[in-house]
Amino acid sequence: MKNIFKIAIVLFVVCFAQNVKSQSSSVTLSGTLTDQVSKETMPFVNLVLKNAKDSAFVGGTISNENGVFKFDNIKPANYFISISFIGYNSIEKSVYVGNSSEFLNLGTIELTESVQSLGEVTITAKQSEINGKMDKKTYAVEDNISQSGGSVLQAMENLPGVTVQDNKVQLRGSDKIIILIDGKQSALTGYGSQSGLDNIPASSIERIEIINNPSSKYDANGNAGIINVILKKESKDGFNGKIGLSTGVGALWIKQNSLPNVRKQYQVTPKINPSISLNYRKNKVNAFFQLDNLYTETLNKNEFVTRTYTDGSVINQQTVRNRNTNFLTSKAGIDWFINDNNQFTISGMFGSEKIIDNGDQPFFNANNTERLRLWQFLEDELKTTIAGNMNFQHKFKEPGRVLNTGFNYTFHREDERYFFTNTLPTFTGEESFKLLSDEHVGDFNLDYIQPLKYGKLETGIKMRVRTIPTNMQFFPSANSPLDTNAGGQATYNELIPALYGNYSFDSKKWEGEAGLRAEYVKLNYQVNPNHNTYKSDGYDYFQPFPNLRLGYKINDKNKLVAFYNRRVDRPNEVDIRIFPKYDDAEIIKVGNPSLAPQFTNSVELSLKHRIKDGFWYTSAYSKFANGTITRISTTVDTTNLIYAIFQNAGKSNSTGVESVLSQDVSDFFTYNVGLNVYYNQIDAFTVNNLYPVAHTFSTDRQTAISGNLKLNTSFHFKKDFDAQLTAIYLAPDIIPQGRIASRFSLNIGLKKTIQKGKGEIFFNASDLLNTMFIKQTIDGNNFSYTSSNFYETQVFRIGYNYKF
């Protein structure tokens, strides 16, 4: 029955979706003209491009001294190209512009006294928000009025197919995503699991790209896809830039009152975000600089947990975490245009994230009449990131034929100090620990693009060397609950060489892409030999990661595209980190050095239908994972402590439908609706946990039907005044060992353009009705618990931006 249901979902096509700002096509058509007899190149030959539909003039050019010609900025359509020169017969043949490559090389065209057949040609271009290949969606951050002035994470909440849970982005229900910054992985956002998105200012971002089916040129990590965050960077001549300032407040009222004698929850929390972006270009040099600072006070956590054990005991607990964060990010660099064919770029990035957490965690009996324990904490953490990039690009004489090479180095330090006061009925102890982690990452890449007559060929190599030495030191009291023998040093070493090739083609009816990435990974995790549980471990593999895309153009309004992808989720360093984490005194998180990679195969079938002033896009997809990575929560003794440990839980799968409907109804009103419905299944599994002592856990198969619905409406009033309303509904879903309840939020935004288009002021409200909270249920081996987190979600902001 379940298989029938999956097949029905795959075959079922529904509508709904998201509207964003479209991108301009930028296609270059080129070739070389020669004399058929002498084989000499022919300069100064006249070429004219006309629209096949109405013979309208599109562009004209002449071949240069080397016989090379090119047409720039050609949009997808059918054309005629005419070639004429005194003493030679003219040529006129059809030319088709498709969707697979930004450049097309027609090769060598020979002119003789007889007509030389040029034949049909395919050229491709970038398309709108959901591009012509339907493998990427692009969203301009400035259009997201209801989240202006917030973080990158908040800006992503409005995007179709995207959900946010536990400060992590999910695509189609999965958080196994790679976050890129300007096309490269960065310690700012994590090389494996996501991090830091809630503290990167959206003011520093130009646009966000979502790639559900990455080609082989991208790292194979991340089964749910890739999110590419593009930072702002101007290239206009002279001096120009942008300055901005936004401020706001959150947590205007209490969602849920605290248990007795708990510290006051943060209320009316301030936020401020000044930003500046500068650019200067003159002759062959373009210099750019960007600086953003985001300061926030936040009720980061206000979670109520009720734990029920099989012996009948019940424990109620609350965690109040008041957080102060200051995130400074800066980027500067120089583009040197050596000549028309060569460009060298050097840039650097500095990020500093300071986090101060103050919190209480009381534990009570079932009716809250007796306090069993009070765990008070102060976290002082400083994260520092320094990155340097060098890139060289060589453009061959043939347009679109490019060689890129680059080297990136990143240093990321995590300096974390925790101080605890552990108050029990019989004594009070002062505890602390210090964690120091230094991450060093070196990336080298070499990429080559060769335009072809009906597409393009891409190939390249990549090498990554990554090492992360960590040191955990515990400073216990006389009766400490800390596991001091689980500290010490550990070192994470990763080596990844990879080679890829990707071929794409295009014709009037068919288009496609086939790629293969061969990747070798060697991971070695060296553990302190005195650790009480874990030993040194690691893994290595050599695996192929193919990708396929095949599209059929039914007619001018309809296009069908099929995808296949094989990807991997490699455990990140924090997933295998051997040190227990005590941000929760009785639900303790620990890594697992024996964690293995998760491999996923995915298939997808997408349809895009053009309607008047809009489009309808829908996609049916299935993902099949082996070695599913997840946390498993268990108890092992009479202390009632719960240990949450990463494990490979066996097989899982997800089948669903994502759909987008977008339309500009009038100059005044546009709307878009996004719907994602999916079926999740985690097969029955048994795992062996080693920490703190060896024990086994088994669970039955879990299934759920879930999804999300997003509505965006935009209103364009007179005198450059715009408004946006966004409604988000997230359906109940399964999580490891349990379920998460439904969630809902409403966001609004207003924007007024002033100062002759150079300035703008905005106001917005996130979670206007203050309805968003997270409720989860977890079932363990001899316990179950329910948690409800009433953390801060409602924020009101006002801001000003000025371009010059």
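How each quantity is defined
Residue numbers restart at each chain and count upward from 1, following the sequence in its written direction. Residue-level local features of this predicted model are given only where pLDDT is at least 70; pairs of side-chain atoms are given and counted only at 80 or more, and the full residue set underlies all totals for whole chains, interfaces and linings. The side-chain numbers reported here are obtained from all heavy atoms of the structure, hydrogens and water having been left aside. Comment: elements are numbered from the N terminus, with helices defined as DSSP H or I runs of at least four residues and strands as E runs of at least two. Radius of gyration means the value over C-alpha atoms here, while the globule rule gives 2.2 Å times the residue count to the 0.38 power. Relative accessibility under 20% of the residue-type maximum defines a buried residue, over 50% an exposed one, and the middle range a partly exposed one, all with a 1.4 Å probe and only protein chains included. Whether two residues touch is decided by their heavy atoms; if any such pair falls within 4.5 Å, the residues are in contact. We count Lys and Arg on the positive side and Asp and Glu on the negative side, and we leave His and both chain ends out. Note that the charge is assigned to NZ on lysines, CZ on arginines, CG on aspartates and CD on glutamates. Strand pairing is defined by DSSP finding a minimum of two bridges between the two strands. Convention adopted: a line fitted to C-alpha atoms gives each axis, helices being fitted over their contacting stretch, and angles between N-to-C directions are expressed from 0 to 180 degrees. Stacked, edge-to-face and tilted are the three classes for Phe, Tyr and Trp ring pairs, Trp counted by its six-membered ring, which pair at centre distances within 6.5 Å; planes under 30 degrees apart are stacked, over 60 edge-to-face, the rest tilted. Put simply, a charge is over a ring when the Lys NZ or the Arg CZ is close to the ring centre, within 6 Å, and near the line of the ring normal, within 35 degrees. Two N or O atoms count as a polar contact when they lie within 3.5 Å, although within protein this holds only if one can serve as hydrogen donor and the other as acceptor, and sequence-adjacent residues are included solely when both atoms are side-chain atoms. Per residue, pLDDT captures the predictor's confidence, and it can take any value from 0 to 100. Take a side-chain nitrogen of Lys or Arg and a carboxyl oxygen of Asp or Glu: if they are within 4 Å of each other, that pair is a salt bridge. Residue types Ala, Val, Leu, Ile, Met, Phe, Trp, Tyr and Cys, when buried and joined through side-chain atoms within 4.5 Å, form a set referred to as a nonpolar core.

J.: I'd like to hear about the overall build of the chain, residue by residue, with values.
T.: A tally of helices and strands in the chain yields three helices and 46 strands. Its C-alpha radius of gyration of 29 Å places the chain within 12% of the 28 Å reference for a compact globule of 804 residues. With the C-alpha coordinates of the chain rotated into their principal frame, the extents come out at 105 × 60 × 55 Å. Taken over 804 residues, the chain has a buried fraction of 55%. Residue pairs in contact within the chain that sit at least 24 positions apart in sequence constitute 69% of those at least 6 positions apart. For the chain, the distance from the average site of its 84 positive side-chain charges to the average site of its 78 negative ones is 4 Å.

J.: Quick rundown of the sheet that holds strand E33 (residues 642-648)? Include the residues and the values.
T.: Read from one edge to the other, the open sheet built from three strands follows the order E29-E33-E32, with strand pairing classed as mixed. Sheet topology places strand E29 (587-590) and strand E32 (629-634) at the edges, where each strand pairs with a single neighbour. Going from strand to strand, the sheet's axes swing by 30 degrees on average, the running direction of each strand aside. Sheet topology note: the E29/E33 ladder contains four bridges and is parallel. The residue bridging Ile-588 from the neighbouring strand is Tyr-643, located in E33.

J.: Break down the sheet that holds strand E14 (residues 205-211) for me, citing the residues and quoting the values.
T.: Pairing in this open sheet of five strands is mixed, and the strands run E9-E14-E15-E12-E13 from one edge to the other. Bordering the open sheet on either side are strand E9 (137-140) and strand E13 (184-185), each of which pairs with just one other strand. In this structure, E9 lies alongside E14, joined through four bridges in antiparallel fashion. Counted as the bridge partner of Lys-137 is Ile-210 from E14.

J.: Talk me through the pairing of strand E26 (residues 510-527); I want residue IDs and the actual numbers.
T.: Relative to E26, strand E25 (residues 488-506) is paired through 15 bridges, and the arrangement is antiparallel. Note on E26: the bridge partner recorded for Ala-490 is Val-527. Hairpin remark: E25 followed by E26, antiparallel, with three residues in the connecting loop. Here 16 bridges tie E26 to strand E27 (residues 537-553), and the two strands are oriented antiparallel to one another. Bridging across to E27, Leu-523 finds its partner in Tyr-539.

J.: Tell me about the packing of aromatic side chains, residues and numbers included.
T.: Any two aromatic rings considered together are summarised by their centre-to-centre distance and by the angle between their planes. One pass over the structure, following the stated rule, counts 31 aromatic pairs. Here the aromatic rings of Tyr-418 and Phe-420 are separated by 5.3 Å at their centres, their planes lie at 10 degrees, and the arrangement is stacked. Neither Tyr-418 nor Phe-420 differs from the other in exposure class; each is buried. For the ring pair Phe-685 and Phe-697, a centre distance of 6.5 Å and an interplane angle of 55 degrees mean the geometry is tilted. With Phe-685 in strand E36 (residues 685-689) and Phe-697 in strand E37 (residues 695-699), this residue pair connects regions lying twelve residues apart in the sequence. The exposure class of Phe-685 is buried, given its relative accessible area of 9%. Ring pairs connect the aromatic residues Trp-375, Tyr-418, Phe-420, Phe-433, Phe-474 and Tyr-582, which therefore count as one cluster. Taking NZ or CZ as reference, Arg-172 lies 4.4 Å from the ring centre of Tyr-621, over its face.

J.: Please provide a residue-by-residue account of the side chain of Thr-635, values included.
T.: For Thr-635, the position within the fold is in the loop between E32 and E33. Judged by relative accessible area, Thr-635 falls into the buried class, the value being 5%. A polar side-chain atom of Thr-635 sits 2.3 Å from a polar atom in the side chain of Asn-782. Sequence-distant contacts of Thr-635, that is, excluding residues within four places in its chain, are made with Tyr-309, Leu-641, Ile-642, Asn-781, Asn-782 and Phe-783.

J.: Go over the confidence of the model for the chain with me, naming the residues and quoting the values.
T.: In the predicted model, the chain carries a mean pLDDT of 87, and 93% of its residues have values of at least 70. In the model of the chain, strand E8 (residues 122-124) stands out as the element of lowest mean pLDDT, 34, in contrast to E26, which has the highest, 96. Long-range and interchain partners of residues 1-24, a stretch whose pLDDT sits below 50, account for 74 contacts in this model, where long-range means more than four residues apart. Predicted confidence for residues 115-127 stays below pLDDT 50, and this span has 65 contacts to residues more than four positions away or in other chains.

J.: Could you give an account of the environment of Phe-288, naming the residues involved and the relevant values?
T.: With respect to the secondary-structure elements, Phe-288 resides in strand E18 (residues 285-309). Each C-alpha atom of the pair Phe-288 and Ile-468 lies 31 Å from the other, and the pair is 180 residues apart in sequence. Excluding anything up to four places from it in sequence, Phe-288 contacts Lys-233, Leu-278, Asn-279, Lys-331, Ala-332, Gly-333, Ile-334, Asp-335 and Ser-347.

J.: Report on unusual backbone geometry, specifying residues and quantitative values.
T.: Residue Pro-692 follows Tyr-691 across a cis peptide bond; omega there is -5 degrees. Its identity as a non-glycine residue notwithstanding, Asp-613 has a phi of 55 degrees, on the positive side. The residue Asp-613 is located in the loop between strand E30 (598-611) and strand E31 (614-626) in this model. A positive phi angle, close to 55 degrees, is found at Asp-720, a residue other than glycine. Positionally, Asp-720 belongs in the loop between strand E38 (702-717) and strand E39 (721-730).

J.: Describe the pattern of salt bridges, naming the residues involved and giving the relevant values.
T.: Enumeration over the complete set of coordinates arrives at 36 salt bridges. Of the charged contacts, one joins Lys-331 and Asp-182 as a salt bridge, the two residues approaching to 2.5 Å between their closest N and O atoms. Placement of the pair is Lys-331 in strand E19 (residues 314-339) and Asp-182 in the loop between strand E12 (177-181) and E13, with a sequence separation of 149 residues. A relative accessible area of 15% means that Lys-331 is categorised as buried. Two residues, Glu-586 and Arg-307, come together in a salt bridge whose shortest N-O distance is 2.4 Å. Here Glu-586, found in the loop between helix H3 (573-576) and E29, pairs with Arg-307, found in strand E18; they are 279 residues apart in sequence, far enough to count as distant. Neither residue differs from the other here; Glu-586 and Arg-307 are each classed as buried. Through salt bridges with shared partners, one network takes in Asp-219, Asp-443, Lys-462, Arg-464, Arg-517, Glu-519 and Arg-570.

J.: Before we move on, could you go through the nonpolar core and cite the residues and values that matter?
T.: Trp-375 and Tyr-582 are the most contacted members of the largest nonpolar core, which totals 51 residues. Excluding residues within four positions of it along the chain, Tyr-582 makes contact with Trp-375, Phe-420, Phe-433, Phe-474, Pro-481, Leu-482, Asp-483 and Ile-588. Counting 28 residues, the second largest nonpolar core, distinct from the first, contains Val-169, Ile-177, Ile-210 and Phe-327.

J.: I'd like a description of the environment of Asn-592, backed by residues and values.
T.: Here Asn-592 is to be found in the loop between E29 and E30. Classification of Asn-592 as buried rests on a relative accessible area of 6%. As a C-alpha pair, Asn-592 and Leu-690 span 98 residues in sequence and 8.6 Å in three-dimensional space. In contact with Asn-592, other than residues within four places in its own chain, are Tyr-534, Asp-575, Ile-576, Arg-577, Ile-645, Phe-646 and Gln-647.

J.: Describe the pairing of E39, with residues and values.
T.: For E39, the tally of buried residues reaches seven of ten residues, placing the bulk of the element in the interior. Sheet topology note: the E38/E39 ladder contains ten bridges and is antiparallel. Following the sheet pairing, His-716 is matched in E39 by Asp-722. Here E38 hands over to E39 after three residues, with Lys-719 in that stretch at a positive phi of 60 degrees.

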